[in-house]
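Structural overview for review
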Amino acid sequence: MQHSNVINRLLGTGTLTWASAERRSDRYGTVYLIPHRHNSLTRNPSVSLIDVEAARAFEGRRGDLVAVVKETRESTHIGDLFRGVSPRTPEVGQIIALGSGTLIIEPAPEGGVMVGLRPDDGRDSDWLRIRALYDAHEQTVDLHFHPTK
């Protein structure tokens, strides 16, 4: 994953999570942001905090999806037991490279949008890096998209 130190586009700030279908399907392809201090178990979750206009400006472009950790806490997720991956708590300021590919936008479960990266090789699973996803799960992050050529 190549990119400069310059952040190209902030897609939003919030608690990073993904729809349960991502894990069940093994696609692990999209993420979205929920309000600070919410988690996957929060009753009446809110609309995704992804900035729709910012995401649409890069939809269909190739690049990298990066989470910059703003605040940490222990994730409520048990992980993907079949794959032997569980959440780890990152450090504040840590940059977590979620993956590379073509930016896609899909509806989020409670409204708003999710963003993800479709890989160039056509695979159906692991569109994003599973280890990185579980490191970023339920952490408060700035989510950035870095376009590449």
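Up top is the structure.
Along every chain, residues carry numbers that run from 1 in the direction the sequence is written. Given that the model is predicted, a residue must reach a pLDDT of at least 70 before its local features are reported, and side-chain atom pairs must reach 80 or more before they are shown or counted; all residues, however, enter totals for whole chains, interfaces and linings. The side-chain values count all of the structure's non-hydrogen atoms but skip hydrogen atoms and water molecules.

A word on the pattern of salt bridges
So the rule is basically this: Each salt bridge in this description consists of a side-chain nitrogen of Lys or Arg and a carboxyl oxygen of Asp or Glu lying within 4 Å of one another. Strands are runs of DSSP state E lasting at least 2 residues, helices are runs of H or I lasting at least 4, and numbering of each runs from the N terminus. We call a residue buried when its accessible area falls under 20% of the maximum for its residue type, exposed when it is over 50%, and partly exposed in between, using a 1.4 Å probe and counting protein chains only.
With the rule as written, the count across this model stands at ten salt bridges. The salt bridge partner of Lys70 is Asp142, with a shortest N-O separation of 3.3 Å. Residue Lys70 is located in strand E3 (residues 62–71), and its partner Asp142 is located in strand E6 (residues 140–147); the two are separated by 72 residues in the primary sequence. The partner of Arg83 in a salt bridge is Asp126, with the nearest N and O atoms 2.7 Å apart. Note that Arg83 is positioned in the loop between E3 and strand E4 (95–107) and Asp126 in the loop between strand E5 (113–118) and helix H3 (130–136), a separation of 43 residues in sequence. Judged by relative accessible area, which is 28%, Arg83 ranks as partly exposed. The structure contains a network of salt bridges with shared partners spanning Glu22, Arg27 and Glu106.

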